[in-house]
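# A closer look at the structure
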Amino acid sequence: MGSLTELLLKLRAIFRRRRLNQDLEDELAFHLEMKQSRSGLSPLEARRAFGNESRFREACRDLWTFRWLEALQRDARFGLRMLRRNPAFTLVAVLSLGIGIGANAAIFSLAHELLLKSLPVPAPEQLRLLTWVGGKDVPFDSISGYGDFDDKTQMQSSGSFSYPAFLALRDRLAPTAQVMAFRAVRVTAATPGETDLARAQVVSGNYFDALGLKPIAGRGIQQVDDNAGATPVVVISSQFWQRRFASDLRALGSPITMNGQVYSIVGILGPNISGMSPGDRMDLYYPASTQPQNGTHYPVADNSFWWAQIFVRLNPGTAEERFCVEADTIFRQMALADAKPGAKVDIPQLRVESGAQGIRFMRQNMSTRLGGLVAVAALVLLIACANLASLMLARGTARRREMAVRLSLGSGRWQLVRQLLTESLMLALAGGLLGLVIASPLAATIAKFGAADIVVNPGVNQPVLLFAFAVSLLAALVVGLLPALRLTRGDMTPALKDGGKQANSPKLAAGRLLVAGQVALSAILLVGAGLAVRTLINLSKVDVGFHAERLLVFQISPSRSGYTAGRSLDLYAQLRQRLASIPGVQDVALTRESLIAGSVTTTTVNVPGYVAMPDHPARAWVMGVSDGFLGMIGIKLLAGRDLMPGDGADAPPVAVVNQAFVRKYMSGGNPVGKVFTKSKKELQIVGMCQDAKYASVREPAPPTMYLSYPQSGVEIPSMAFALRTSVPPLSIANAVRRTVAAIDTQLPVAELRTQEEQIALSVGPERFFAAFIAAFGALATLLAAIGLYGVMAYSVARRTSEIGIRLALGARRPDVVWLVVRESIVVVCAGLAVGMPAAMLLARLIRSGLYGVEPVDPLSLAGGATLLLAVAALAALAPARRASRVDPMLALRCE
């Protein structure tokens, strides 16, 4: 009780300090007066007899306040005065640390949002994600979803299951867990006045109850909604509700058409609800049993098609080890039951992973993107800290006389160290506040341009605040400790004699060492920026094999609007004819997938004379296109003919192959007239064309066949249209939309852009990373220049006498300039000697991300070194010119 009372009194004393100090002085004066009156001593003798008044004051203050808090306040007030006296130094320090801390806080904000944040559901720690791993001969005919295949081990992993497998797991594991299924899809969503593509999630009937999701209005999807023949219902997100219904609660019960099927809205989710991975935003949620009605093509009764992803919520008290064994046993039994008699199969093994943070495969993809940004931001912060430490060392040499005077008056060394660390902490906290201001818009920019396929709202929340505070403390320690220790060590007597002007003191040597470290780190960033920029330039110069100029492309998906295969073919022909009549359109062609859009279709082929390896069958990319496609798109025909209008569904199957196909499977020569087999169908080659890029500008053109899309023999759920124009392509964009709407108002136009924009979009990650690392490389170079300027400026100031003597003895002013510039170049060369080998080693780690350039690129290395040397010379030029204008007589008189 006494300790608590003492603590409360000390806390209260913090706010009554002035009054307590006055009371203490009054009491001290009273005791001196009483001692003087009783003993008849003079005032001076009374003070001597009383003892050390300062010690008495300190002992009293220790009783009613926290001494360390008072010392901290004094240090803070003194540090604030010192920083106000040097506004240029303070501004540079705060900006340097603010940018470094802001960049790291922005990356941490994204990493927390996408990688560390748990799903916004009750008790996410109870969630588990089911995946499996097995050999290449697993007993499943078709697998669709997230997964990996390891070429070395020939093992594959996936998170996809058939819906009957989910039902079996749900029913048999019911006593120990709630098992739910889901799958993200794209659908055509039509509401009154608007039709567009939307992101939807197919869910099992127990999805909302198992996750604990409570809509802000209406209800969630229930088990009764997932039964065959149930009325189609849908739950919409708050974003979709605001966008389509202006946040009107009358949206409940309203109809919405998805893929031609009418659904009734029964619930509206809150704004914080996302998909099953952070950043994966959904618009609509509907029961899996209604898929056959809207043509989503994920069967609920076919055990051979694996598409559903499965999450599990463990019931309270469930032993996880027992659950894993039981779930794996059930899964293996189902896999064995699906195996064909006598066939060689690899029975997969079930894996149970934590599901608190969503789907693992998506987090892995995001972590790869963020990894490089984390490294760049960390380097920038290190450079900023080294820059500030070097400036504080240089500034400290000017304060050496101050430190000597304070030590001679009785201050302890650690008291001075504490004072200097307090100044560093104030700078770091100010930089941290500036960093928090920078972090949010920087994170939003990175999310917009570096991760266009996810939706995040990074902001300054509690974890980001704690991270910025921790980084600020670490920066203060890194920045302030070395200058404080080196400034207060050694014999201070010479500093009292000459003001601390030791030209070759170890403090300045430490500053040069820090600048050399900055240069080394800057060299790594600049070389990386050079490699990234050269990669981007090489990608922009790639010959894609066709003419992308004045080409407008877009996609439609009739199957998502209720069209059958036959109706889709009629729609494509009708739409092609109407688009060709738009003024400014020269020609129209169709292809199953847009060019340079990342999507591919491959198939196995049998070419006479080519002997395929057992584990590596002959495969080729398939492009289902319209007649005249090659000529319209600008792919040069080398032999034979292009596809023609007569190559319809009833005509003999024909194909045009590219050079890569002929080189690999036919050993060169003229292939026209020869035949090969695809899917047990014989095709005759009627033409050979030059190689052209299909999915990516990075990859070389693979063996490719061009087939007339009516002869493809498969349903074509979507089609890409390419329009060659005589006017700027985007000028007819509205006319294209009106033409499609005139045929069907519920048929959305998707991804309407120029082909050049599509190509630029395909190299968007490379473009963003090159811009990011180049910007921070330039910033690092600027910080290194500031640090070098500070060190050289203080060096010149402390060598005024030496420079005056040199000038008095006949040295020329250009010689003095070269003396200072040469010193800075030596420091930069020392940094380059360390930074360039490190850059070459680290560049090998990003070899897979480079294109057309080797990790050890002479141009990037030479460019980085030249830039740093030039910046060093410019940074030293101002101090050098100032030194050359020193008046020898004034310098010698000061000496």
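Residues numbered from 1 in each chain as written. Predicted model: local features only at pLDDT ≥ 70, side-chain atom pairs only at ≥ 80, totals over all residues. Heavy atoms only, no water.

## Structural notes on the overall build of the protein chain
Of the regular secondary structure elements, the protein chain holds 27 helices and 25 strands. The buried share of the protein chain, reckoned over its 895 residues, is 51%. When contacts within the protein chain are restricted to residue pairs at least 6 apart in sequence, those whose partners lie at least 24 apart make up 80%. Accessible area of the protein chain: about 41,200 Å², with a carbon and sulfur share of 59%. (Helix = DSSP H or I, 4+ residues; strand = E, 2+ residues; numbered from the N terminus. Buried < 20%, exposed > 50% of the residue type's maximum accessible area, 1.4 Å probe, protein only. Contact = heavy atoms within 4.5 Å. Areas by Shrake-Rupley, 256 points an atom, 1.4 Å probe, with all protein chains shown as cover.)

## Overview of the layout of surface pockets
One number sums up the size of the second largest pocket: a volume of about 290 Å³. If you list the elements that add at least two residues to the lining of the second largest pocket, you get helix H17 (506-540) and helix H22 (755-762). Taken together, the residues that form the lining of the second largest pocket break down as ten nonpolar, two polar and four charged. (1 Å grid on protein atoms, 1.4 Å probe; cavity = no way out; pocket = protein on both sides within 12 Å on 5 of 7 lines; lining within 4 Å. Points joined across faces, edges and corners; volume = space filled by probe spheres on them. Nonpolar A, V, L, I, M, F, W, Y, C, P; charged D, E, K, R; others polar.)

## What about the packing of helix H18 (residues 565-580) against helix H21 (residues 733-743)?
The interhelical angle for the contact between H18 and H21, taken along N-to-C directions, is 140°, at an axis separation of 10 Å. One finds that H18 runs oblique with respect to H21. Seen along the crossing, H18 lies across H21 with a hand that is right-handed. Together, Leu 571, Gln 574, Leu 575, Arg 578 and Leu 579 of H18 and Val 736, Thr 739, Val 740, Ala 742 and Ile 743 of H21 make up the contact between the two elements. Counted by class, the contact of H18 with H21 contains seven nonpolar, two polar and one charged residues. (Axes fitted to C-alpha atoms, helices over the stretch in contact; angles between N-to-C directions. Parallel < 35°, antiparallel > 145°, perpendicular 65-115°, else oblique. Left-handed = near helix turned anticlockwise from the far one by under 90°.)

## Let's talk about helix H7 (residues 163-172)
Within H7, the full set of buried residues consists of Tyr 163, Ala 165, Phe 166, Leu 169 and Arg 170. The arc that holds every buried residue of H7, seen down its axis, measures 155°, which confines them to one face. Measuring from the backbone nitrogen of Ala 165 back to the side-chain oxygen at the start of H7 gives 3.1 Å, which picks out Ser 162 as the cap. (Arc of directions from axis to C-beta. Polar contact = N/O pair within 3.5 Å; in protein donor to acceptor, adjacent residues only side chain to side chain.)

## Concerning the environment of Gly 673
For Gly 673, the position within the fold is in the loop between helix H20 (659-665) and strand E21 (675-678). Of the residues examined, Gly 673 reaches a relative accessible area of 39% and is grouped as partly exposed. Along the chain, Gly 673 and Gly 640 lie 33 residues apart, while their C-alpha atoms are 8.7 Å from each other. The residues contacting Gly 673, other than those within four sequence positions of it, are Gln 684 and Ile 685.

## With respect to the nonpolar core
Of all hydrophobic cores here, the largest spans 103 residues; its most connected members are Phe 546, Phe 629, Ile 633, Ile 635 and Tyr 706. Here this core takes 14 residues from H17, the largest share from any one element. Sequence-distant contacts of Tyr 706, defined by excluding residues within four places in its chain, comprise Met 623, Val 625, Phe 629, Leu 630, Ile 635, Leu 643, Val 654, Ala 655, Val 656, Cys 689 and Ala 692. Membership of the second largest hydrophobic core comes to 46 residues, among which are Leu 173, Val 234, Tyr 286 and Phe 305. (Core = buried A, V, L, I, M, F, W, Y, C linked by side-chain atoms within 4.5 Å.)

## With respect to the packing of helix H25 (residues 813-843) against helix H26 (residues 858-884)
When two helices pack together, you describe them by how their axes are tilted relative to each other and by the distance separating the axes. Between H25 and H26, the shortest axis-to-axis distance is 8 Å and the interhelical angle comes to 155°. Classified by the angle between their axes, H25 and H26 sit roughly antiparallel to one another. The element H25 and its partner H26 pack so that their crossing is right-handed. Class assignment of the residues belonging to the contact of H25 with H26 gives a composition of 20 nonpolar, three polar and two charged.

## Structural notes on the packing of aromatic side chains
Taken as a whole, this structure holds 20 aromatic pairs when the rule is applied. Centre to centre, the rings of Phe 208 and Tyr 285 are 5.8 Å apart; their planes meet at 75°, and the pair counts as edge-to-face. With Phe 208 in helix H8 (residues 207-211) and Tyr 285 in strand E11 (residues 284-287), the pair connects residues that are 77 residues apart, well separated along the chain. By relative accessible area, Phe 208 is classed as buried at 1%. Tyr 285 gets classed as buried once you look at its relative accessible area, which sits at 1%. (Phe/Tyr/Trp six-rings, centres within 6.5 Å; stacked < 30°, edge-to-face > 60°.)

## Examining the pattern of salt bridges
Taken as a whole and assessed by the stated rule, the structure comprises eleven salt bridges. We note a salt bridge from Arg 244 to Glu 194, for which the minimum N-O separation is 3.5 Å. With a gap of 50 residues between them, Arg 244 in helix H9 (residues 238-245) and Glu 194 in strand E6 (residues 194-203) connect regions that are remote in the sequence. On the basis of relative accessible area, Glu 194 is assigned to the partly exposed category, the value being 33%. The residue Arg 641 makes a salt bridge to Asp 647 at a minimum N-O spacing of 3.0 Å. (Salt bridge = Lys/Arg side-chain N within 4 Å of Asp/Glu carboxyl O.)

## Quick look at a positive patch on the surface
Together, Arg 74, Arg 77, Arg 81, Arg 84 and Arg 85 make up a region of like positive charge exposed at the surface. Mapped onto the fold, Arg 77 is located in helix H5 (residues 67-85). (Patch = residues over 30% accessible without salt bridge, like charges linked within 9 Å, V, L, I, M, F, W, Y side chains within 5 Å. Lys, Arg positive; Asp, Glu negative; His and termini not counted. Charge placed at Lys NZ, Arg CZ, Asp CG, Glu CD.)

## Regarding unusual backbone geometry
The backbone phi angle of Ile 596 is positive, close to 55°, even though this residue is not glycine. Position of Ile 596 among the secondary structure elements: in the loop between strand E16 (585-591) and strand E17 (602-606). In this structure, Glu 751 takes a positive phi of about 55° despite not being glycine. Residue Glu 751 is classed as partly exposed on the basis of its relative accessible area, which comes to 39%.

## With respect to the environment of Pro 192
Looking at where Pro 192 falls in the secondary structure, it is placed in the loop between strand E5 (177-191) and E6. On the basis of relative accessible area, Pro 192 is assigned to the exposed category, the value being 76%. Linking Pro 192 and Ile 256, residues 64 residues apart in sequence, is a C-alpha distance of 8.2 Å.

## What about a nonpolar patch on the surface?
Judged by side-chain polarity, Leu 429, Phe 469 and Leu 473 come together as a nonpolar surface patch covering roughly 250 Å² of accessible area. Relative to the assigned elements, Leu 473 resides in helix H15 (residues 462-487). Overall, Leu 473 belongs to the partly exposed group, its relative accessible area being 36%.

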